[in-house]
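# Fold and contact review
Each chain, written out:
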Amino acid sequence: MNPKVLGVIVAAGAALACLPWLGVPAFYKSFFYLLFHWVVLAVSWNILSGYTGYFSFGHGAFFGAGIYVTAFCAVKLGWPFLATLPAAAAVAAALGVGLGAIVFRVSAVRGELFALLTLAVTFVLATIILNTPIDGGPGIYLLGVNLPKLGPSPNASIYLMGLATATATVLIAYLVYVSKFGAGLFAIHDDEDVAEVMGVPTYRFKLLAFALSCALAGIAGGIHAIFISYITVSEVFSITVPLSVVLMSALGGSRHWIGPAIGAIVITCLLFFFTAGDSAVIGRALFGLILVLVILFMPQGIVGMIVAKWSALFRSSAFDTEIEHPRPATTAPTAPPVPRFDSTKTLLRVEGLSKSFSGVKALQDVTLGIRQGEILGLVGPNGSGKSTFINVVSGHFPADRGHIVFEGREMAGLEAHDRAKAGIARTYQIPRPFAQMTVLDNVALACMYGVSGLSRPAARREAEVHLHFAGLWSRRLAMPDDLNLHQRKFLELARALAARPKLLMLDEVLSGLTPTEIEGAIAMIARIRDQGTTIVFVEHIMRAVTALADRIVVLNHGAVIAEGRAEIVMNDLGVRTAYLGAAHA
Amino acid sequence: MVVPSFGLLAQSILSGIFLGGMYGLVGLGLGLSWGLQRQINLTHFGFVFLSAYLCYQGATVWGVDPLLSLIIVIPVFFGIGVVMQWALARFRISAFNSLLVTFGLTVVIESLIQYVWTADFRKLHSAYGEIKFTVFGLYVPLPEFLAFVVSATLAVGIWALLRHSDLGKALRAMAEDAPIASAFGVNERAISLLLSGTCIALAGIAGAMFALTYTLTPTQIFSWVGVVFAAVMLGGLGNPLGPLLAGMIIGVSEAIAMTLFAPSWAPIVSFSLLILMLLFRPART
Amino acid sequence: MLEVRSLGVSYGAAPALSGIDLAVGTGELVSVVGPNGAGKTTLINALAGLIAAEGGQILLEGRDVTGLSSHLICEAGLAIVPESRRLFGNMTVLENLELGSYLPRAKIHRAESLERVIALFPAIKEKLQARAGSLSGGQQQMVAIGRALMARPKLLLLDEPSLGLAPAIVIAMFGAIRDINAAGMSVLLIEQNVAIAMEIARRAYVLEEGRIVMSGAAADLMDRPEVRKAYLGIT
């Protein structure tokens, strides 16, 4: 968090607050109010939709809810105006959380489905309001409502309320953006499943972002009610708000906290040319067209483009494909590592673990124990269930049957993010970094949401340590796409380590590497174990397995067929048959 | 709540069935394109309304029978669909971004419609609209009946095509695994263009039927989006009969709700059904 | 039948295949073996036109098919049995087979091709109306091979047909592949199961890290210590 940014936002707000006393004509106050209004709507929308990627087409519903709560409470219940605003926020937030609680549980509802569902909500809410005494049809007049005297005129008071809300919204958007919570939201955006497995409580975070977004929209609605002073269902719940916020954020850049605000300012200024009658329709057509053009030609928005050009200047200077030699220098492991495991303590015990996918038995009744401090090699022909084992233990998939006991605790019912907190981490066979975060931020996320649960600044510092260990420190500001396969695999490794796991599961981390790179990786894995982490690694490259593993478990068709020390197991006839076939075993 | 007479209930169920037929017709092209190409093309709605207004214009200003105007509408809209698909494929945009782009295009279409025809209500008065016949004491207006017949025929026809013809099998294979389908000789690009053209042509047909049956106003476009999507999702993507059957269920439920409560509660029905489906059968989509 | 010259494929900056030279003679069965990640599937996908090659040439019966899209390559006479089968799971077995003969030139012989496939894999007959996704691994493999045969290819590409199959079924499968080859079909087989790949092939190539490192008569290669070490880690 940069206190300078906070200072600038507050200073801008304070400066604008002086406007009403400068004798500016009412027209400008209204124009600025509209600017503030759209800034609030676009920025608040972005907190959910831009940060997490769950694009909502229903922002109009929550805004409309806010408008009607204020109108209803102020006119029909006689509340003082300012009291209606918290109610507006609360009701809008409750609606959002209610919808989200159902919808976020269903993993199929992402992307397009979520967008369409939220669009439908708008019409449902409009119908309810239209048919009940809340509106009933004729609309509500707010002319008689008493405005709090905040400025020299009623116009000024509305202006100031709008300004206050806009400043608060931008501040909140910034604070979320730089917080640990925000990092979690962006991780959800890039790869929700991986984020969950790394310890981000995705369900809770999505609900929180949604609630925040809706509450702010509700307040904007409350203030807007008094601005337009006569509200009807068809006006309030039209397509204008959902369309505009999407457009403003897309234009400004939905991945940045200030993007939507910039988009809102640009569009509102453009809108000004089309304020009356027929032109309103043309204005809408223009909005639609601009949206199309922005998505086609400038999908990352104005701010996104600026940021990309800026960081390209930094990245292009160091196209480094090497992994630095981590300290101390690597040597090929000629002697097998001294077994240091504590054979009396079982870290993970799996019993009767079974998992089927559409009738195919990926894991059949797997029972094994992993001892503290050992390196266990998990081998077997293709399709034998090795990756499934890792997926089930880490919580990526639920098991059909069986127990997973980690440090004495039953894991089988726990969500993936809780298992990450308990100390289980894994890498993916095909690396799955968070594509829109730098290498440093990828690793920092694990520091924040892993076992240690650090704050964001502390996490960034610790991430550098892990990057040094993995030899990636010089590429810390690069994007994952700029890395080659070797570097990406090591990024996976660094990210898994940064969670400070007690159990680390590596899924074919060596595949695709050159022999020299493999040597380096083997040395690194040995060092990881020396630092106290228990390792399960799935591998095909036999010399790595024999060099590193204390014990080997062989899987075939989802079942354990052998277990024991490497040389003994690999000489076992059954195992060799599974690999080489009877004639050559 | 008013307890209706049997006759009234039966009539409203019949209206519900016809309404469902309309949902099915509008949703037919949408569901095909979503299920077979993983594309949610919101412009579909824009084109339904555009076709409706064009038919209205043809009938009111030039006296052209709306069904005859289909002769022009179908090929033109087919061409538009092909061009749109070609453009979307060219830009290689993601599935989600295509949603945004088509959203933008729909807004453009809706605004243009409103600019040309204003927000006033427009009703197409045709010979068909005057004809009603009675079956078992129930009124059956011809336009609704005609729309239903067209909807059912198209749905069944396309279902049969998908099921039994080689082209249909190619489409289904492409939907599941396009690269492998291509490896067996399916010309993915050509078929994709053909499908998109057909979907927009279907939108054109739906528009003509829509014009015969309903009063037109531009802002309605977005309110239909919710219900039709619900029908498509409930009916199963890529299944041509799905939107029709689900549409009928929704239509009948809405009609019953309207008769028992008040007419304007209708949008709640489809949304509630959708939420219920998501809660209890989330894997469906 | 098939001639590959200096084929190269890259994923972004990283080369997955480089300088691949191989050939399959008419009526020959040639195997390509290699460890995981060596590029075997990449090779097959490049040959079938599923991914783009950079550099090099692919000649099918003398005709340059480099860079053609996959439906044209199928037209030219190449059919693929993909890794993990990749059947159209929601369609019936019969529909999968019919899709195999989608090409006009294959369609006219559809009935005859179907009979031949059933003769080769009698167990398919009772499963014709079953959903392809509901079949066991071995049954799916049979259907996948059948689907490719329905396209009446000149060259059959098989990508790791033994993957995930029980040993007994693998033996039966390879018996069928041998029969297909004996009837005159040229076959290129990619396998991780070295033993069986070498047993049925006349010639073989060993692929490692995107390059061909060994080639020759299958029987000779099998007894070489480097091959044994690569697959078992012990000599």
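What counts and how
For every chain, the first residue of its written sequence is number 1, and the numbers climb from 1 along that sequence. Working convention: letters from A go to chains and numbers from 1 go to ligands, in the order in which they are written. Where local features are concerned, this predicted model is filtered to residues with pLDDT of at least 70; where side-chain atom pairs are given and counted, the filter is 80 or more; whole-chain, interface and lining totals use all residues. In computing side-chain properties, one takes all heavy atoms of the structure into account and sets aside hydrogens as well as water. Using a grid of 1 Å spacing that covers the protein atoms alone, one calls a set of points a cavity when a 1.4 Å probe fits there but cannot get out, and a pocket when the set is open and has protein on both sides within 12 Å along at least five of seven lines; lining residues are those with an atom within 4 Å of a point. Grid points are joined across faces, edges and corners, and a volume is the space filled by probe spheres set on the points. Helix numbers and strand numbers start at the N terminus; a helix is a DSSP run of H or I with at least 4 residues, a strand a run of E with at least 2. In this analysis, the expected span of each helix is defined as 1.5 Å times one less than the number of residues it contains. Only protein chains enter the calculation, and the probe is 1.4 Å; a residue is then buried if its accessible area is under 20% of its type maximum, exposed if over 50%, and partly exposed in between. Side-chain rings of Phe, Tyr and Trp (the six-membered ring for Trp) are treated as a pair once their centres are within 6.5 Å; stacked means planes under 30 degrees apart, edge-to-face means over 60, and tilted covers the remaining angles. When the NZ atom of lysine or the CZ atom of arginine is within 6 Å of a ring's centre and also within 35 degrees of its normal, the charge is said to sit over that ring. By the convention used here, strands pair only if DSSP detects at least 2 bridges between them. Here, two residues are considered to be in contact whenever any of their heavy atoms come within 4.5 Å of each other. Reported buried area values correspond to the accessible surface (1.4 Å probe) lost by two parts on association, with both partners' losses combined. What counts as a salt bridge is simple: a side-chain nitrogen of Lys or Arg found within 4 Å of a carboxyl oxygen of Asp or Glu. Gly counts as polar in this scheme, as do all residues outside two lists: the nonpolar Ala, Val, Leu, Ile, Met, Phe, Trp, Tyr, Cys and Pro, and the charged Asp, Glu, Lys and Arg. Put simply, buried Ala, Val, Leu, Ile, Met, Phe, Trp, Tyr and Cys residues joined by side-chain atoms within 4.5 Å make one nonpolar core. Between N-to-C directions, angles cover 0 to 180 degrees, with each direction set by a line fitted to C-alpha atoms, over the stretch in contact for helices. Handedness of a helix crossing follows the sense of rotation of the near helix relative to the far helix, less than a right angle counterclockwise being left-handed and clockwise being right-handed. Counting of polar contacts relies on pairs of N or O atoms within 3.5 Å, with two restrictions inside protein: one atom must be capable of donating a hydrogen and the other of accepting it, and residues adjacent in sequence are counted only when both atoms are side-chain atoms.

Okay, empty space enclosed by the protein next. Residues and elements named next belong to chain A. This model, assessed by the stated rule, comprises 5 cavities of 30 Å³ or more. The volume enclosed by the largest cavity comes to roughly 120 Å³. V197, M198, A420, I424, A425, R426, Y428, A446, E492, R495, A496 and A499 together form the lining of the largest cavity. Only strand 8 (424-426) and helix 18 (485-498) provide two or more residues apiece to the lining of the largest cavity.

Moving on, we get to helix 6 (residues 142-164) of chain B. Helix length check: helix 6 of chain B, at 23 residues, gives a terminal C-alpha distance of 32 Å against a target of 33 Å (1.5 Å per residue), a fit within 8%. Of all the residues in helix 6 of chain B, the buried ones are L142, P143, A147, F148, S151, A155, I158 and L162 of chain B.

Another aspect to go through is the packing of aromatic side chains. Residue and element names in this part refer to chain A. For the coordinates displayed, the defined rule picks out 35 aromatic pairs over all chains. A connected cluster of aromatic rings, assembled from ring pairs, spans Y54, F62, F104, F114 and F210. Directly above the ring of Y428 sits R426, whose terminal nitrogen or CZ lies 3.9 Å from the centroid. Above the plane of the ring of Y428 lies R432, whose end atom (NZ or CZ) is 5.0 Å from the centre.

This next bit is on the pairing of strand 9 (residues 503-507) of chain A. Residues and elements named next belong to chain A. Of all the 5 residues making up strand 9, 5 are buried; the element is thus mostly covered by neighbouring parts of the structure. Side chains of strand 9 alternate between two faces, with L503, M505 and D507 and L504 and L506 buried alike. Note that strand 9 and strand 10 (residues 534-538) share 5 bridges and pair parallel. When the bridges of strand 10 are listed, D507 appears paired with V538.

Turning our eyes to something else, we now look at the interface of chain B and chain A. The interface of chain B with chain A comprises 36 residues on the first partner and 37 residues on the second. Taken together, both faces of the contact between chain B and chain A bury some 3,500 Å²; the carbon and sulfur share is 86%. Applying the counting criterion to the chain B and chain A interface returns 1 salt bridge. Across the pair E110 of chain B and R284 of chain A runs a salt bridge, and its minimum N-O distance is 2.9 Å. Secondary-structure elements contributing two or more residues to the side of chain B that touches chain A are helix 4 (95-117), helix 10 (220-235) and helix 12 (266-280) of chain B. Here the side of chain B that touches chain A gets 15 residues from one element, more than from any other, and that element is helix 4 of chain B. When the residues that make up the side of chain B that touches chain A are grouped by side-chain class, the tally is 27 nonpolar, 8 polar and 1 charged.

Moving on to the nonpolar core. Core analysis: the largest hydrophobic core is formed by 303 residues, its most contacted members being F229 of chain B together with L156 of chain C. In this view, L156 of chain C contacts A79, V81, A148, L149, I180, M185, S186, V187 and L188 of chain C; residues no more than four positions away in its chain are not counted. Of all hydrophobic cores here, the second largest spans 31 residues; its members include V24, A38, A46 and I80 of chain C.

Time to look at unusual backbone geometry. Residues and elements named next belong to chain B. With a phi close to 55 degrees, R38 is a non-glycine residue in the positive phi region. Along the chain, R38 turns up in the loop between helix 1 (6-37) and helix 2 (43-62). The exposure class assigned to R38 is exposed, which follows from its relative accessible area of 54%. You will see that T118, though not glycine, has its phi angle at about 60 degrees, which is positive. Position of T118 relative to the elements: it lies in the loop between helix 4 and strand 1 (122-123). Looking at T118, the relative accessible area reads 31%, which means it is partly exposed.

Our next topic: the pattern of salt bridges. Residue and element names in this part refer to chain A. Inspection of every chain in the model, using the stated rule, returns 26 salt bridges over all chains. Where D550 meets R529, a salt bridge forms, and the shortest distance between an N and an O atom there is 2.9 Å. With D550 in the loop between helix 20 (542-548) and strand 11 (551-556) and R529 in helix 19 (residues 515-530), this residue pair connects regions lying 21 residues apart in the sequence. R551 is the salt-bridge partner of E563, the closest N and O atoms lying 2.6 Å from each other. Taken together, the residues E563 in strand 12 (residues 559-564) and R551 in strand 11 connect sequence positions 12 residues apart. Owing to a relative accessible area of 42%, E563 belongs among the partly exposed residues under this scheme. Taken together, the shared-partner salt bridges in this structure form one network comprising E374, R551 and E563.

Residue and element names in this part refer to chain B. Their axes nearest at 7 Å, the elements helix 3 (residues 66-91) and helix 9 (residues 188-213) cross at an angle of 145 degrees. Read as a crossing pair, helix 3 and helix 9 show a hand that is right-handed. Grouping the constituent residues of the contact of helix 3 with helix 9 by class yields 18 nonpolar, 7 polar and 1 charged.

The next point concerns the interface of chain B and chain C. Taken residue by residue, the interface counts 18 residues in chain B and 23 residues in chain C. Carbon and sulfur atoms supply 60% of the area buried between chain B and chain C, which totals about 1,900 Å² over both sides. When the area that chain B buries against chain C is broken down by residue, the three leading residues are D166, E176 and F184 of chain B, summing to 36%. Applying the counting rule to chain B against chain C returns 5 salt bridges. D166 of chain B is paired through a salt bridge with R110 of chain C; the nearest N and O atoms lie 2.8 Å apart. Here chain B is connected to chain C by 10 residue pairs in polar contact (both at pLDDT 80 or more). When contributions to the side of chain B that touches chain C are tallied by element, the ones reaching two or more residues are helix 7 (166-176) and helix 8 (178-183) of chain B. Among the elements that line the side of chain B that touches chain C, the one with the most residues is helix 7 of chain B, at 6 residues. Tallied by class, the residues present in the side of chain B that touches chain C amount to 9 nonpolar, 3 polar and 6 charged.

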